[in-house]
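Chain by chain, the residues:
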Amino acid sequence: DTIRTALERAGYDVRPIGRPVDLLVGGRGVNFLLEVKTATGALRQSQRDFMRTWRGQVAVVRTVEEAFDACGRALINQWLGAAGAASVQRLRRTE
């Protein structure tokens, strides 16, 4: 619930969907699928199967910071395309 609240306060639309993942998040014209887990929580087999075959964005998050990071990565991918996102990741690794 903390992750949902933080995303909503940041201006994202958040809808709990439960299956196949916990949250549908929308912001800045992009949709995100987030599975929220505790620090030691494991994915169900159905969730692993879904994530393996899903052609869109989906992320497992355990903290508010991970949720914002996942949404930010999805926005970068949307705006810059795969090549631009790869460049950003390379830059992050050199910091």
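What you see is a predicted model, and the numbers here were worked out from it, not measured in a lab.

**Student:** Explain the overall build of the protein chain here, please?
**Tutor:** Summing up its helical and strand segments, the protein chain has three helices and four strands in all. The secondary structure elements of the protein chain, listed N-terminal to C-terminal, are α-β-β-β-α-β-α. Put simply, the protein chain has 95 residues, and 31% of those count as buried. Sequence separation of 24 or more characterises 42% of the internal contacts of the protein chain that already satisfy a separation of 6 or more. Surface exposure of the protein chain reaches about 6,200 Å², of which carbon and sulfur atoms provide 52%.

**Student:** Just checking my understanding: could you explain helix H1 (residues 2-9) for this structure?
**Tutor:** The α-helix winds at 3.6 residues per turn, so residues separated by three or four positions along the chain end up facing the same way. Turning to H1, its buried residues are Ile3, Ala6 and Leu7. Down the axis of H1, the smallest arc covering the buried residues is 95 degrees, so these residues share one side. With its phi angle positive at about 100 degrees, Gly11 sits one or two positions after the end of H1.

**Student:** Please explain the nonpolar core as it appears in this structure.
**Tutor:** Proteins that are soluble and globular tend to have nonpolar side chains buried together. Ranked by size, the top nonpolar core spans 14 residues in total, and within it Leu7, Tyr12, Val25, Leu34, Val61 and Cys71 carry the most contacts. Counting only elements with at least two residues in this core, the list comes to H1, strand E2 (23-27), strand E3 (30-36), strand E4 (59-61) and helix H3 (64-94).

**Student:** Sorry, what's going on with the sheet that holds strand E1 (residues 13-16) here?
**Tutor:** Here we have four strands laid out as an open sheet, ordered E1-E2-E3-E4, and mixed in their pairing. Strands with a single pairing partner mark the edges of an open sheet, and in this sheet they are E1 and E4. Taking the axes of each pair of neighbouring strands and ignoring which way they run, one obtains an average angle of 30 degrees across the sheet. When E2 meets E3, the two strands line up antiparallel, connected through five bridges. Bridging across to E3, Gly27 finds its partner in Val30. On the sheet, H1 packs against E1, E2, E3 and E4 and is oriented at approximately 155 degrees with respect to E1.

Cut-offs and rules
- Residues numbered from 1 in each chain as written.
- Predicted model: local features only at pLDDT ≥ 70, side-chain atom pairs only at ≥ 80, totals over all residues.
- Heavy atoms only, no water.
- Helix = DSSP H or I, 4+ residues; strand = E, 2+ residues; numbered from the N terminus.
- Buried < 20%, exposed > 50% of the residue type's maximum accessible area, 1.4 Å probe, protein only.
- Contact = heavy atoms within 4.5 Å.
- Areas by Shrake-Rupley, 256 points an atom, 1.4 Å probe, with all protein chains shown as cover.
- Arc of directions from axis to C-beta.
- Core = buried A, V, L, I, M, F, W, Y, C linked by side-chain atoms within 4.5 Å.
- Pairing = 2+ DSSP bridges.
- Axes fitted to C-alpha atoms, helices over the stretch in contact; angles between N-to-C directions.

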